[in-house]
Amino acid sequence: MTKQKVAVITGSGQGIGKGLAERLAKDGFAIVLSDINETTLSETEREFRDKGVNVTSLVGNVAKLEDQVALVQKAVDTFGSVDVFINNAGIEGPLGPITDVEPEGVDRVLDINVKGVIYGIKAAANQMKGQETGGKIINACSIAGHEGFEMLAPYSASKFAVKGLTHVAAKELAKFKITVNSYCPGIVGTSMWERLDEEMMKFLGTKKGEAFQKYAEGIALGRTQTPEDVANLVSFLASPGSDYITGQNILTDGGMVFN
């Protein structure tokens, strides 16, 4: 009997992370959920369990190395391995001109979006190195990791960092049969973009929904993205079909950034 593969997803209590977990559960993975919001996390775990998913969860802050190590250990203790580790957790941070950025906001974005990815890679790779089959590490990048976006200086900087970290980790970990790639979404209709739209109203003088619509008009395929669109790419990156792909930061944006 083939052992069930195990996928760990950070920031999976809601939004894109939850969508990724749902897709990988359908793909046959045992799921380890993690989020900093205990209430949301427990509700999502209960929902998955009610659907018959082999699931467990752990509350954690990705910006703390000890929490990332504990998350990996939870997966191993519960299911025996970590086959896929997804560094999905992230925040958009403060929105505004680069001349207005404050240290507190910059530090928070870099702590979660950059340190969180470094610590997730470290914890997952140290486990995967000892596994005969290696593993797959998948990071959350963004279109803002390919092109800097105005009013989002700390966020853009953090996602360019994720792009570089994906390259570094892929080069270092290939000899252990560990692939490292990232997915780069565009405009996804989640609570994050709702918050961005509201903040842009202050700086651009737009009405509710106008900024979101303005950005959406630049999508070649003519619609904004859903968590399921992102999950389609991540499902492939978590599958054997991606075994010969590593160090890539793959855009899934409907045609916004071309490179």
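Remember, predicted model here, so these are calculated numbers, not experimental data.

1. Notes on the overall build of the protein
Here comes step 1: In terms of regular secondary structure, the protein is built from eight helices and seven strands.
Here comes step 2: The C-alpha atoms of the protein give a radius of gyration of 18 Å, which matches the 18 Å a tight globule of 259 residues would have.
Here comes step 3: With the principal axes as the frame, the protein shows a C-alpha extent of 60 × 40 × 35 Å.
Here comes step 4: In the protein, which comprises 259 residues, the share counted as buried stands at 51%.
Here comes step 5: Pairs at least 24 residues apart make up 70% of the contacts formed inside the protein by residues separated by at least 6 positions.
Here comes step 6: Summed over its atoms, the accessible surface of the protein is roughly 12300 Å², and 53% of this surface lies on carbon and sulfur atoms.
Here comes step 7: Separation between the mean location of the 26 positive side-chain charges and that of the 32 negative ones in the protein comes to 6 Å.

2. Some thoughts on the UniProt feature "active site" (unreviewed entry) in the protein
Here comes step 1: As annotated in UniProt, the feature "active site" (unreviewed entry) corresponds to Tyr 155 in the numbering used here.
Here comes step 2: Within the secondary structure layout, Tyr 155 lies in helix α5 (residues 153–173).
Here comes step 3: The class of Tyr 155 is buried, set by a relative accessible area of 9%.

3. Examining helix α1 (residues 15–26)
For an α-helix, 3.6 residues make a turn, and residues three or four places apart therefore share a direction.
Here comes step 1: Helix length check: α1 (twelve residues) gives 17 Å between terminal C-alpha atoms against 16 Å at 1.5 Å per residue, within 8%.
Here comes step 2: Restricting attention to buried positions, one finds in α1 the residues Ile 16, Gly 17, Lys 18, Gly 19, Leu 20, Ala 21, Leu 24 and Ala 25.
Here comes step 3: For α1, the elements touching its buried residues are β1 (6–10), β2 (30–35), α2 (38–50), β4 (84–87), β6 (178–185) and α8 (227–237).

4. A closer look at the environment of Glu 45
Here comes step 1: By the element assignment, Glu 45 lies in helix α2.
Here comes step 2: Given the relative accessible area of 15%, Glu 45 is considered buried.
Here comes step 3: The sequence separation of Glu 45 and Gly 255 amounts to 210 residues, and the corresponding C-alpha distance is 34 Å.
Here comes step 4: In contact with Glu 45, not counting residues within four places along its chain, are Leu 33, Val 55, Thr 56 and Ser 57.

5. Some points on the pairing of β2
A regular strand places its side chains on the two faces of the sheet in alternate fashion.
Here comes step 1: Counting buried positions along β2 gives six out of six residues, so the element sits mostly inside the fold.
Here comes step 2: With burial as the criterion, each face of β2 is covered, one bearing Ala 30, Val 32 and Ser 34 and the other bearing Ile 31, Leu 33 and Asp 35.
Here comes step 3: Across five bridges, β1 lies against β2 in parallel orientation. Each bridged residue has a counterpart across the sheet, and for Thr 10 the counterpart in β2 is Ser 34.
Here comes step 4: Judged from the five bridges that link them, β2 and strand β3 (residues 55–59) form a sheet pairing that is parallel. Bridged to Asp 35 within β3 is Val 59.

6. Section: helix α4 (residues 103–128)
Here comes step 1: For α4, spanning 26 residues, the distance from its first C-alpha to its last is 36 Å, which sits close to the expected 38 Å at 1.5 Å a residue.
Here comes step 2: Along α4, the largest kink reaches about 35° and is centred on Asp 111.

7. Details of the pairing of β1
Here comes step 1: Burial analysis of β1 places five of its five residues in the buried class, which makes it a mostly covered element.
Here comes step 2: As for the winding sense of the linkage, the β-α-β connection from β1 through α1 to β2 is right-handed.
Here comes step 3: The pairing of β1 with β4 spans three bridges and is classified as parallel. Looking at β4, one finds that Ile 9 is bridged to Ile 86.

8. Quick look at the pattern of salt bridges
Here comes step 1: Taken as a whole, this structure holds seven salt bridges when the rule is applied.
Here comes step 2: The partner of Glu 45 in a salt bridge is Arg 49, and the shortest N-O contact between them spans 2.5 Å. In this pair, Glu 45 and Arg 49 both sit in helix α2, four residues apart, roughly one turn of the helix.
Here comes step 3: We classify Arg 49 as partly exposed; its relative accessible area is 44%.
Here comes step 4: Between Asp 111 and Lys 115 there is a salt bridge; the shortest N-O distance is 3.0 Å.

What counts, and at which threshold
Residues numbered from 1 in each chain as written. Predicted model: local features only at pLDDT ≥ 70, side-chain atom pairs only at ≥ 80, totals over all residues. Heavy atoms only, no water. Helix = DSSP H or I, 4+ residues; strand = E, 2+ residues; numbered from the N terminus. Rg over C-alpha atoms; globule rule 2.2 N^0.38 Å. Buried < 20%, exposed > 50% of the residue type's maximum accessible area, 1.4 Å probe, protein only. Contact = heavy atoms within 4.5 Å. Areas by Shrake-Rupley, 256 points an atom, 1.4 Å probe, with all protein chains shown as cover. Lys, Arg positive; Asp, Glu negative; His and termini not counted. Charge placed at Lys NZ, Arg CZ, Asp CG, Glu CD. UniProt positions renumbered as here; feature names shortened; annotations may be inferred. Expected span 1.5 Å × (residues − 1). Pairing = 2+ DSSP bridges. Bend = angle between axes of the 7 residues up to and from the residue. Right-handed = clockwise from strand over helix to strand, strands pointing away. Salt bridge = Lys/Arg side-chain N within 4 Å of Asp/Glu carboxyl O.

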